[in-house]
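Chain and residue survey
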Amino acid sequence: MQIKASDIAALLGGEIVGNQDVELNSVSKIEKGVPGSLSFLANPKYLHYIYETEASAVLVAKDFIPERSLKTTLIKVDDPYRAFTKILEQYISIIDYKEGIEEPSFISNDAEYGEKLYLGAFAYLGKKVKIGKNVKIYPGAYVGDRCVIGDNTIIYSGVKVYRDCEIGANCILHSGAVIGSDGFGFAPQEDGSFAKIPQTGNVILEDFVEVGANTAIDRATMGSTIIKKGVKLDNLIQIAHNVEIGDNTAIAAQTGVSGSTKIGKNCIFGGQVGVAGHITIADRSRFGAQSGLNKTITESGKDWNGSPVTDLKSSFRTIISIKNLPELEKKVIELEKKLEAINKQ
Amino acid sequence: MQIKASDIAALLGGEIVGNQDVELNSVSKIEKGVPGSLSFLANPKYLHYIYETEASAVLVAKDFIPERSLKTTLIKVDDPYRAFTKILEQYISIIDYKEGIEEPSFISNDAEYGEKLYLGAFAYLGKKVKIGKNVKIYPGAYVGDRCVIGDNTIIYSGVKVYRDCEIGANCILHSGAVIGSDGFGFAPQEDGSFAKIPQTGNVILEDFVEVGANTAIDRATMGSTIIKKGVKLDNLIQIAHNVEIGDNTAIAAQTGVSGSTKIGKNCIFGGQVGVAGHITIADRSRFGAQSGLNKTITESGKDWNGSPVTDLKSSFRTIISIKNLPELEKKVIELEKKLEAINKQ
Amino acid sequence: MQIKASDIAALLGGEIVGNQDVELNSVSKIEKGVPGSLSFLANPKYLHYIYETEASAVLVAKDFIPERSLKTTLIKVDDPYRAFTKILEQYISIIDYKEGIEEPSFISNDAEYGEKLYLGAFAYLGKKVKIGKNVKIYPGAYVGDRCVIGDNTIIYSGVKVYRDCEIGANCILHSGAVIGSDGFGFAPQEDGSFAKIPQTGNVILEDFVEVGANTAIDRATMGSTIIKKGVKLDNLIQIAHNVEIGDNTAIAAQTGVSGSTKIGKNCIFGGQVGVAGHITIADRSRFGAQSGLNKTITESGKDWNGSPVTDLKSSFRTIISIKNLPELEKKVIELEKKLEAINKQ
């Protein structure tokens, strides 16, 4: 893929300073620029790199005026970072464009799908599956019977969607994600064994949901496990049966949410957080990494940390107190001695 | 799938009150009942919903007498919850019934299998594999050379079973589960690199074991990693090489068990628990979520919590003490001041 | 597979004492020896087993002289454990040898590969993929467009490698490992939603890297996520975008490393450790299981533990102090009482 600096400038409505015919074939960070690459300058901290970068062209702000001569071609735009992101999106959409049905793949007789489908080899569409337009299903992905998948959704290689689940439009499911596995529900028997409680519900992902690699979302016992619009889940996350997660909540890797818990909108979870079952978490709650959350949170917009969680400020005070604990022990011993000395007088 | 209330009643040996011809095609919770669905009433807390539910039929106890008029059809049975579970099992076994071999799939010449096999497309049976009766292997699952799989076992899409492993009867393995990957065993070399210690053993799952989505169970260095009868493992669990887990132990998601540890029978682990290697855990031990277990437990039937674990009562006292720590610090400062005042007198 | 004790002795340059014609077909631990198996005696603690073992032959040190009569055949070698490991490697390389291309598999027209390739059924090689010599790619593995894979590397069933990633020589990737999924990068928008930041970089695994089952390594936003030579990653690990891990670092299961963090050489991480983003960790650092690491570590070769981490010694003191906390509280109450008594005098 080869494109001229002048074409990039035209695409972005930018102004060229330097060689407008220089050919670009990759992207780079300004401090690691290589010949043939396009870079950008947004953070003033990186300003000095522009005089040394090997990148062939750099997106800069409209008001940027170099103090010395430059090797690189400048493309002046309103917002260099945003313009760069736009170029990256275009770049990926071209370099990674997929359309058509590779063979062998498996499409049930009664499966339906819209235009511009990509179905990779060894991908599987079960009975009565309904797939929207411009959906990309990579090799080896599995879509169980009666699943529904919305427009523009990308399902990467090896994703497994169990029967009867619903995936919205503009979702991205990364490799190894499992949607709709059975909830962990068992009834203890008198002999100590467990009887399986049938898990007859499903999983619903609304629009614009992203699910990370090897994340697992269990189907509901009855009803639905629901991941609402715009939720972003990182890798290796566990979402148990009957959980609900509100709009635009973002959860970092290796966090686990136990059964029937309801998480509000616009919450942010650090990595490796554990959330107990059957609790409710208010909107805009934020949790530090490795937190342990065992109770309902009713006040919205607060920061939490620790295991069990306390508010962030208390948590920091606790961390300091624990650090000073050996010191405190010494003080107490000192006090005991002094008191004994007084009593002996 | 459409079935009359009278057919459900006949199946359960129940008695109908209301329209016995009402058609049912799904199940629901009583508080979220929809027309055409069957529900149940077991918990007295939910009693009032029976007068409003949109469910077309509800399983109730034999002695239930409504206080007001009802829209829904009642089916009176001995134990509504158990009856409902029975119906759910039937429902799933019908809606999700699979039999036959889909193409393309891969069956080695010398692989053997019993009647009523389901082998999904892109599933793989290695050399000398032995599969029992009524086994269901979903699309894209992989069963390595010389593996043995018992009757009635379900292996969902994308499960990977490495060579020479043994899976019992009536097991369920969820998507992304990996059985028999190499144990994490390396011998440190003088130059700081690691030499791989060959992992020649296997994994044995006994009967009635359930393994959650994306859970990994490593093969033994020599001998077997053994998961005994009735063990239930949730999603994203790590079981290292040479571990043994006793009958009917249940382990929640994201827990990890290090190499060569022996866990007793009927234990229960919360989520995200960490268990050290080469230790032994007595029967009926129970562990709170996020516990860290670094020593052998010899006394059976106790509850543990915290990291490192202490008995549950101590753990709760510690949590309270830590919470009160800033208060304790203040008291000590106060004492120091008072003592100083005394000494000055 | 059947081999005589005399053949093993010849292979190892060892000396036989006993029946040199005994046939061997498996391996065992000395304490669990079975007829027909080869075992070894390295640890003096296990010495007494040699007089009872059912193993048909045992590797022992050259200077071993039995005190009583033996049933088993001895094979005397310089280093019994090393010799045994060598035999195990041979055993696996024979029992598990794979070569050739199984059908159906998917090889893009412009994919290249070297001699002795094993490509299992349902495996996928994308456009312009370059595969070295003696590479083994198991059934259902996916190698995206333009990926490069070095000589002798093993990719087990169901591994997914996204486009443009580079895997070195002599690597082992276990089932369910995901290489090159998108980094978790989003720009918060004013309406509370997130805009995806394109993830255009890749993942580079250098030579001799082992990646455990269901471990996920995200591609860089730009540039590369780099796992250097000899790094060993256990199962279910999360490596975020733009992370770098130095030579021969070993990380146990379920640990997570956040974005842009640089880990030094020869570090060792216990299981379930959490590492914050944008920090640097000095060479030869070691971390206890369940540690939480939130700051740069500049001093190399130290041991760390706890969450947040402190040096190992402080961590142990803190654990003891916390355990003694209820005792400390009692002491303070006692002091308060005594002081009050003094003040009343």
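Below or above, wherever it landed, is the structure these notes cover. For every chain, the first residue of its written sequence is number 1, and the numbers climb from 1 along that sequence. For this description, chains carry letters from A and ligands carry numbers from 1, given in the order in which they are written. Local features in a predicted model are, by the rule used here, given only for residues with pLDDT of at least 70; side-chain atom pairs are given and counted only at 80 or more, and totals for whole chains, interfaces and linings are based on all residues. Note that water and hydrogens are dropped before the side-chain values are worked out from all heavy atoms of the structure.

Let us look at a nonpolar patch on the surface. Residues and elements named next belong to chain A. Nonpolar side chains collect at one region of the surface, where Ile101, Ile107 and Tyr113 lie side by side and expose about 230 Å² of accessible area between them. Among the structural elements, isoleucine 107 can be located in strand β9 (residues 106–107). Here the term buried applies to any residue with accessible area under 20% of the maximum for its type, exposed to any over 50%, and partly exposed to those in between, with areas from a 1.4 Å probe on protein chains only. Exposure remark for isoleucine 107: the relative accessible area of 30% places this residue in the partly exposed category. Patch building starts from residues that exceed 30% relative accessible area and form no salt bridge, then joins like charges within 9 Å and nonpolar side chains (Val, Leu, Ile, Met, Phe, Trp, Tyr) within 5 Å. Residue burial considers only the protein chains on display, and all accessible areas are found by Shrake-Rupley using a 1.4 Å probe. Salt bridge, as used here, is a side-chain nitrogen of Lys or Arg placed within 4 Å of a carboxyl oxygen of Asp or Glu. Helix and strand definitions follow DSSP, with helices as H or I runs of at least four residues and strands as E runs of at least two, each counted in order from the N terminus.

One widely used convention gives an interface's size as the accessible area the parts lose upon coming together. Contacts are residue-level and defined by heavy atoms, with any inter-residue pair within 4.5 Å sufficient. Facing the 62 residues of chain B at the interface are 58 residues of chain C. Buried area: the accessible area, evaluated with a 1.4 Å probe, that two parts lose upon being put together, summed over both parts. Between chain B and chain C, the buried area comes to about 4600 Å², and carbon and sulfur atoms account for 64% of it. It is B:Phe184, B:Phe194 and B:Met222 that lose the most area in chain B upon contact with chain C, and together they represent 15% of the buried surface on that side. Notably, a salt bridge pairs B:Lys196 with C:Glu210, separated by 2.9 Å at the nearest N-O pair. Any pair of N or O atoms that falls within 3.5 Å is considered a polar contact. Within protein, one atom must be able to donate a hydrogen and the other to accept it, and sequence-neighbouring residues count only if both atoms are side-chain atoms. Applying the counting rule to chain B against chain C returns 20 residue pairs in polar contact (both at pLDDT 80 or more). Broken down by element, the side of chain B that touches chain C gets its largest block of residues, 8 residues, from helix α4 (residues 325–344) of chain B.

A separate point is the relation of the copies chain B and chain C. With an axial shift of 0.1 Å and an RMSD of 0.2 Å, the rotation relating chain B to chain C amounts to 120°. Taken together, these values place the two copies in the relation of a three-fold axis. Residues below a pLDDT of 70 in either copy are left out; the C-alpha atoms of the rest, at least 70 in both, set the least-squares superposition of the copies.

In any sheet, the strands associate via hydrogen bonds between backbone groups, in a parallel or an antiparallel arrangement. All names here are of chain B. Strand order in the open sheet formed by 12 strands is β8-β11-β14-β17-β20-β25-β28-β31-β34-β37-β39-β40, and the pairing between neighbours is mixed. Where the open sheet ends on each side, the last strands, each with one partner, are β8 (100–101) and β40 (310–311). Inspection of the sheet shows strand β17 (residues 154–155) paired to strand β20 (residues 172–173) by 2 bridges, in the parallel sense. Each bridged residue has a counterpart across the sheet, and for isoleucine 154 the counterpart in β20 is isoleucine 172. A pair of strands is labelled paired if DSSP reports no fewer than 2 bridges between them.

Moving on to unusual backbone geometry. All names here are of chain A. A cis geometry characterises the amide bond from glutamate 103 onward to proline 104, with omega recorded as -5°. Relative to the assigned elements, proline 104 resides in the loop between β8 (100–101) and β9. Phi angles above zero are rare outside glycine, and lysine 128 is one such case at about 55°. For lysine 128, the position within the fold is in the loop between β12 (124–125) and β13 (130–131).

A pair can form between side chains of opposite charge whenever their charged atoms are brought close. Inspection of the entire model under this criterion finds 39 salt bridges over all chains. Put simply, A:Lys228 and A:Glu244 hold a salt bridge, and the shortest N to O gap is 3.8 Å. You can see A:Lys228 sitting in the loop between β27 (224–227) and β28 (232–233) and its partner A:Glu244 sitting in strand β30 (residues 244–245), a full 16 residues away along the chain. Here B:Arg163 makes a salt bridge to C:Asp96, at a shortest N to O gap of 3.7 Å. Linking B:Arg163 in the loop between β18 (160–161) and β19 (166–167) with C:Asp96 in the loop between α2 (80–95) and β8 (100–101), this pair reaches from one chain into another. Judged by its relative accessible area of 14%, C:Asp96 falls in the buried class.

All names here are of chain A. Judged by how many residues are buried, strand β7 (residues 73–77) sits mostly within the fold: 5 of 5 residues are covered. Burial of the side chains of β7 extends over both faces: Thr73, Ile75 and Val77 are buried on one face and Leu74 and Lys76 on the other. Pairing of strand β2 (residues 15–17) with β7, which is carried by 3 bridges, proceeds in the antiparallel orientation. Across the sheet, residue isoleucine 16 finds its bridge partner in β7, namely isoleucine 75. In the sheet, strand β6 (residues 57–61) pairs with β7 via 5 bridges, with the strands oriented parallel. Bridge assignment links leucine 59 to a residue of β7, and that residue is isoleucine 75.

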